[in-house]
Amino acid sequence: MASAILKRTGPSLFKSATDSLGIGGSWRSYAKVAVGTDIVSAAPDVSLQKARTWDEGVSSKFSTTPIKDIFKGKKVVIFGLPGAYTGVCSQQHVPSYKNVIDKFKAKGIDSVICVAVNDPYTMNAWAEKLQAKDAIEFYGDFDGSLHKSLELDKDLSVALLGSRSERWSAYVEDGKVKVLNVEEAPSDFKVSGGEVILGQI
């Protein structure tokens, strides 16, 4: 089983723009999260918001899901992306997991999760638009607390997105990171797709 942080090089809109403005210009291979990290310990007291309609949010009293409930005792593939409705995220990243969901299940994966720094209502509408809600679990990291805790946050103000996240993927067993892939720039799509991590499990 492969277990490494993968780096790739190449030109990208986000990278060149952030470099020129001095905003988060260097790719951080020294993020807090790494192979072997216990995500629950690295992000204590962090909760995510499962994708839902506004009415569902009201009826649940705006409940959240603690990280430990997502990972403990489970085999999980999780991928993070800069934001709902953005180009690469919609056209490539989510479909790359949706299209091979049966292969993940065949490998004993309990859940495939997409997380982004968005509210859960936006994530819900986006998941429905992509017709991916039945295959993938979508969660909002509305204030970026998960990504900040793992040092996978990224300032994308240059693209009018504000504080968002790197584009990344991980295979996690019982809270422990077994495989981690982080793109060199959030606009890249080379190492974080579904087929890549499927081959690493």
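Everything quoted here is computed from the prediction, not taken from an experiment.

Asks: Describe a nonpolar patch on the surface, with residues and values.
Replies: A cluster of nonpolar side chains, W54, V58 and F62, forms an exposed patch at the surface whose accessible area comes to about 310 Å². Inspection of the secondary structure puts V58 in helix α3 (residues 54–59).

Asks: Describe the pattern of salt bridges, naming the residues involved and giving the relevant values.
Replies: A side chain with one charge may pair with a side chain of the opposite charge, provided their charged atoms come close. By the definition in use, this model includes 3 salt bridges. Close ionic contact of K176 with D38 constitutes a salt bridge, the shortest N to O distance being 3.6 Å. Residue K176 is found in strand β9 (residues 176–182), and its partner D38 is found in the loop between α1 (13–21) and α2 (39–42); the two are separated by 138 residues along the sequence. Accessibility expressed as a relative area gives 36% for K176, which makes it partly exposed. Judged by relative accessible area, D38 falls into the buried class, the value being 16%. Members of the salt-bridge network, linked through shared partners, are D38, K72 and K176.

Asks: Tell me about the UniProt feature "active site" (unreviewed entry) in the protein chain, residues and numbers included.
Replies: Under the present numbering, the feature "active site" (unreviewed entry) in UniProt falls on C89. By the element assignment, C89 lies in helix α5 (residues 87–98). In contact with C89, not counting residues within four places along its chain, are L81, P82, G83, V94, P95, W126 and R167.

Asks: How would you sum up the pairing of strand β8 (residues 168–173)? Please name residues and give values.
Replies: In terms of burial, β8 is largely enclosed, as 5 of its 6 residues are buried. With 6 bridges connecting them, strand β3 (residues 75–81) and β8 associate as antiparallel partners. Across the sheet, the residue bridging to F79 is S169, located in β8. Both β8 and β9 contribute to a ladder of 6 bridges, which runs antiparallel. Following the sheet pairing, S169 is matched in β9 by N181. Hairpin connection from β8 to β9: 2 residues lie between these consecutive antiparallel strands, with D174 at a positive phi of about 50 degrees.

Asks: Lay out the side chain of S111 with the relevant residues and their values.
Replies: By the secondary structure assignment, S111 is in strand β4 (residues 111–116). Judged by its relative accessible area of 5%, S111 falls in the buried class. Excluding anything up to four places from it in sequence, S111 contacts K75, V76, V77, K105 and E137.

Asks: Tell me about the environment of D38, residues and numbers included.
Replies: D38 sits 139 residues away from V177 along the chain, and the two C-alpha atoms are 6.4 Å apart. Non-local contacts of D38, meaning those with residues more than four positions away in its chain, are made with K72, G175 and K176. Separated by 2.9 Å, the side chain of D38 and the backbone nitrogen of V40 make a polar contact.

Criteria and thresholds
- Residues numbered from 1 in each chain as written.
- Predicted model: local features only at pLDDT ≥ 70, side-chain atom pairs only at ≥ 80, totals over all residues.
- Heavy atoms only, no water.
- Patch = residues over 30% accessible without salt bridge, like charges linked within 9 Å, V, L, I, M, F, W, Y side chains within 5 Å.
- Areas by Shrake-Rupley, 256 points an atom, 1.4 Å probe, with all protein chains shown as cover.
- Salt bridge = Lys/Arg side-chain N within 4 Å of Asp/Glu carboxyl O.
- Helix = DSSP H or I, 4+ residues; strand = E, 2+ residues; numbered from the N terminus.
- Buried < 20%, exposed > 50% of the residue type's maximum accessible area, 1.4 Å probe, protein only.
- UniProt positions renumbered as here; feature names shortened; annotations may be inferred.
- Contact = heavy atoms within 4.5 Å.
- Pairing = 2+ DSSP bridges.
- Polar contact = N/O pair within 3.5 Å; in protein donor to acceptor, adjacent residues only side chain to side chain.

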